[in-house]
Every structure is written in C-alpha cells, then in structure tokens.
Amino acid sequence: MPDPHPPVGSPWGRRIAIAATCLVSLLVCCGLAWWQWDRFTSANGTFQNLGYVLQWPLFGLFPAFMFWRIRKLRLKAEADGTAGETPKPAPVAEVPAPRPHPDTKVTDEDDELAAYNRYLRELHARDQQAAE
C-alpha cells in the first residue's frame, strides 16, 4: 500500500518554484499587455485592444492570487484542526423515477395539419417507390 503522506521536500525549493512561476507569468502577461497597447495606439487599433491591455496584467497576477488563497485556506484549516482530514462527499439527493407518459392520441386534429401530414406520407411513399 503506498504511503498516503509523500515525503516533504524543501519548503524553500517549492516556494522559490512558485515565486518563479508567478514572476514568469506576470512578465509574460505584461509583455502581452504592452503588445496590445502597441496595437491600440496603431492606426487600426480598437477599444478591444485597450480592454486587453487592462486584462493581461490581471491574468498575470492570477497565479500569485491563487498561491495566496491556497496558503490562506491551508492556514485556516490548520487553525481549525481539520488540516489532514479529507472532505466528506456531499449527500446525493435521490432522484425520483420518471413518471410514465400516458398514451394519448390526438383526435381533434386540425384539418389543415391532417392534409399536410397526408401530403408528407404521399411524398415519402413516392420516394420509397423511386428508390426501389
């Protein structure tokens, strides 16, 4: 049986890797924002490019925000004493069986609809005869 708790590596190594990933993400996204700014200030730039100028830095900050959020939730779980527990699955509501549909025939059919359906049946019959 595999060990449920894998060996913990250096916490500094993991922190450096996360910080490097966040920094690279921010630099790449700021570069993309600069590219969109150049597109916006060009002759054929649109306000959509300006919107991207504002969005790209937010995308670049997202990994740092997620790291901060996960760390905050982990510290809260450790303070509550629920750090090692696995979350219990949510109870599943019982789905009732589908109700049977009553066999109802449409008897008061519209005359125009009945004529159209007869026409479609005739077309289908002709098509079947032509295929044979």
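You'll find the structure just up there.
Residues numbered from 1 in each chain as written. Predicted model: local features only at pLDDT ≥ 70, side-chain atom pairs only at ≥ 80, totals over all residues. Heavy atoms only, no water.

J.: I keep staring at the overall build of the protein chain and nothing clicks. Help me out?
T.: Helix and strand counts for the protein chain stand at three helices and zero strands. Ordered by position from N to C terminus, the α and β elements of the protein chain give α-α-α. Excluding contacts between residues fewer than 6 apart, the proportion of contacts in the protein chain whose partners are at least 24 apart in sequence is 47%. Total accessible area computed for the protein chain in this model is approximately 12300 Å², and 63% of it derives from carbon and sulfur atoms. (Helix = DSSP H or I, 4+ residues; strand = E, 2+ residues; numbered from the N terminus. Contact = heavy atoms within 4.5 Å. Areas by Shrake-Rupley, 256 points an atom, 1.4 Å probe, with all protein chains shown as cover.)

J.: Which parts of the structure should I look at to understand the packing of aromatic side chains?
T.: How two aromatic rings sit relative to each other is set out by the distance from centre to centre and by the angle between their planes. This structure, assessed with the given rule, holds five aromatic pairs. Ring centres of Trp 37 and Phe 40 lie 5.5 Å apart, and the angle between their planes is 45°; on these two criteria the pair is classed as tilted. With Trp 37 and Phe 40 both in helix H1 (residues 11–41) and three residues apart, the pair spans about one turn of that helix. What makes Trp 37 partly exposed here is its relative accessible area of 36%. On the basis of relative accessible area, Phe 40 is assigned to the partly exposed category, the value being 21%. (Phe/Tyr/Trp six-rings, centres within 6.5 Å; stacked < 30°, edge-to-face > 60°. Buried < 20%, exposed > 50% of the residue type's maximum accessible area, 1.4 Å probe, protein only.)

J.: What should I look at first to understand a positive patch on the surface in this one?
T.: Taken together, the side chains of Arg 14, Arg 15, Arg 71 and Arg 74 define a basic patch exposed on the protein surface. At the level of elements, H1 and helix H2 (47–80) are the ones that each hand at least two residues to the positive patch. Here Arg 15 shows up in helix H1. (Patch = residues over 30% accessible without salt bridge, like charges linked within 9 Å, V, L, I, M, F, W, Y side chains within 5 Å. Salt bridge = Lys/Arg side-chain N within 4 Å of Asp/Glu carboxyl O. Lys, Arg positive; Asp, Glu negative; His and termini not counted. Charge placed at Lys NZ, Arg CZ, Asp CG, Glu CD.)

J.: Please explain the side chain of Gln 36 as it appears in this structure.
T.: Positionally, Gln 36 belongs in helix H1. A polar contact is formed between the side chain of Gln 36 and the side chain of Asn 49, at a distance of 2.7 Å. When neighbours within four sequence positions are excluded, Gln 36 is seen to be in contact with Asn 49, Tyr 52, Val 53 and Trp 56. (Polar contact = N/O pair within 3.5 Å; in protein donor to acceptor, adjacent residues only side chain to side chain.)

J.: Can you walk me through the environment of Pro 63 in this structure?
T.: For Pro 63, the position within the fold is in helix H2. Among the residues examined, Pro 63 registers a relative accessible area of 26% and is labelled partly exposed. When the C-alpha positions of Pro 63 and Leu 23 are compared, they lie 9.1 Å apart, and in sequence the two are 40 residues distant. Excluding its chain neighbours within four sequence positions, the residues that come into contact with Pro 63 are Cys 22 and Ser 25.

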